[in-house]
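In case you want the letters, here they are:
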Amino acid sequence: MARVTYQARAGWLSGMMGIVIFSGSLPATRLAVMDFDPVFLTVARAAIAGCLALAILLVSKPVRPQKSQWTSLLVVAGGVVVGFPLLTALALEHISSARSIVFIGLLPLATAIFGMLRGGERPRPVFWLFSVLGSVLVAGFAAIGSEPGALSGDLYMLGAVIVCGLGYAEGGKLSRHLGGWQVICWALVISLVPMVILCGATLPDSTDAIGLSAWLGLGYVSLFSMLIGFFFWYRGLALGGIATVGQLQLLQPFMGLMLASMILAEPVSWAMIVVTLAVVLCVAGAKKFA
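Residues numbered from 1 in each chain as written. Predicted model: local features only at pLDDT ≥ 70, side-chain atom pairs only at ≥ 80, totals over all residues. Heavy atoms only, no water.

Below, the discussion takes up a nonpolar patch on the surface. Nonpolar side chains collect at one region of the surface, where Ile48, Leu52, Leu223 and Phe224 lie side by side and expose about 280 Å² of accessible area between them. When contributions to the nonpolar patch are tallied by element, the ones reaching two or more residues are helix H3 (38–60) and helix H10 (212–240). Relative to the elements of secondary structure, Phe224 occurs in helix H10. (Patch = residues over 30% accessible without salt bridge, like charges linked within 9 Å, V, L, I, M, F, W, Y side chains within 5 Å. Areas by Shrake-Rupley, 256 points an atom, 1.4 Å probe, with all protein chains shown as cover. Salt bridge = Lys/Arg side-chain N within 4 Å of Asp/Glu carboxyl O. Helix = DSSP H or I, 4+ residues; strand = E, 2+ residues; numbered from the N terminus.)

The packing of two helices is summarised by the inter-axis angle and the distance between the axes. At a minimum axis distance of 6 Å, the contact between H3 and helix H9 (residues 180–201) shows a crossing angle of 130°. When the axes of H3 and H9 are compared, the pair comes out oblique. As for how H3 packs across H9, the hand of that crossing is left-handed. For the contact of H3 with H9, a count of residues per class yields 21 nonpolar, 2 polar and no charged. (Axes fitted to C-alpha atoms, helices over the stretch in contact; angles between N-to-C directions. Parallel < 35°, antiparallel > 145°, perpendicular 65-115°, else oblique. Left-handed = near helix turned anticlockwise from the far one by under 90°. Nonpolar A, V, L, I, M, F, W, Y, C, P; charged D, E, K, R; others polar.)

The next subject is the side chain of Ser191. On the secondary structure map, Ser191 appears in helix H9. Those residues within four positions of Ser191 in sequence are excluded, and the remaining contacts are Ala77 and Val81. (Contact = heavy atoms within 4.5 Å.)

Another aspect to go through is H10. Here H10 spans 39 Å end to end across 29 residues, near enough to the 42 Å set by a 1.5 Å rise per residue. Maximal helix bending in H10 amounts to about 50°, located at Phe230. Looking one or two places after H10, you find Gly241, whose phi comes out positive at around 105°. (Expected span 1.5 Å × (residues − 1). Bend = angle between axes of the 7 residues up to and from the residue.)

This part takes up the state of the cysteines. Throughout this description, disulfide means a covalent bond between two cysteine sulfur atoms. Applying the stated rule across the entire model yields 0 disulfides. Cys199 supplies the cysteine sulfur nearest to Cys51, a cysteine that is in no disulfide, at a spacing of 9.0 Å. According to the relative accessible area criterion, Cys51 is partly exposed, its value standing at 46%. (Disulfide = S-S within 2.5 Å. Buried < 20%, exposed > 50% of the residue type's maximum accessible area, 1.4 Å probe, protein only.)

By size, the foremost hydrophobic cluster in this structure holds 76 residues, and its most contacted members are Val80, Val81, Tyr168, Leu188, Phe230, Trp233 and Tyr234. Contacts of Val81, omitting those with residues within four sequence positions, involve Thr42, Ala46, Val76, Ala187, Leu188, Ser191 and Met226. Counting 6 residues, the second-largest nonpolar core is a separate cluster that includes Leu109, Phe127, Ala243 and Ala286. (Core = buried A, V, L, I, M, F, W, Y, C linked by side-chain atoms within 4.5 Å.)

By themselves these figures say nothing about function.
Structure below.
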């Protein structure tokens, strides 16, 4: 019993560290897409992180994944290495990072659903009640607060949430056997060759017009969002449970909105704050009955 309690606490702590790191992802992406093309940004961050992951694997020499695990690694790569970064970068061409951050409120539900489908977890019915209520609040905010041109960005964010939830759940399940940092490293390495080729093909003709903030944004999403954050996040999901620890993602909007306001000087409306607070309360209820 003591071991189970320790694992749960370690899972929550590790998961929280991952969320703190991920909170800067959308503001950093917003900075980067001001000067970089979204497709180049997606493949460049994956290529940079992939080179670092390859070096880590060569030095540490971990046990190679079994043949049956490569399919899961491809799912992880498709969800968190390519899908989520690309769709969020496209979304942030149409909407502010503050608005996109509200959609992160849907990630716990998506992660929990895929955790049930892929990880074999079975939360109690009341858990789903709170999770669905939180998702309805986010969807309602998106519909009521829609602005001209925002629909495309909203749809991109919805797609990003779905593929990310799948990548999180698949990676969390796989981390129980491979380990958290090994999962993201292998997922990055199997994506490395096509990402490097595409990076070269989409390289900007000139970097003269690219500002320091865009370079810093690229650096953050490559090193922290694409690599280091997953070391903590996948370990947390493996130790504490995909559906349960996944609810920590509802703290991400709070942190992300503060960063969007401080770094990007983006307006944060009372509606955003109220909806985010209400969704976090739903997560608290979901955690209690997970």
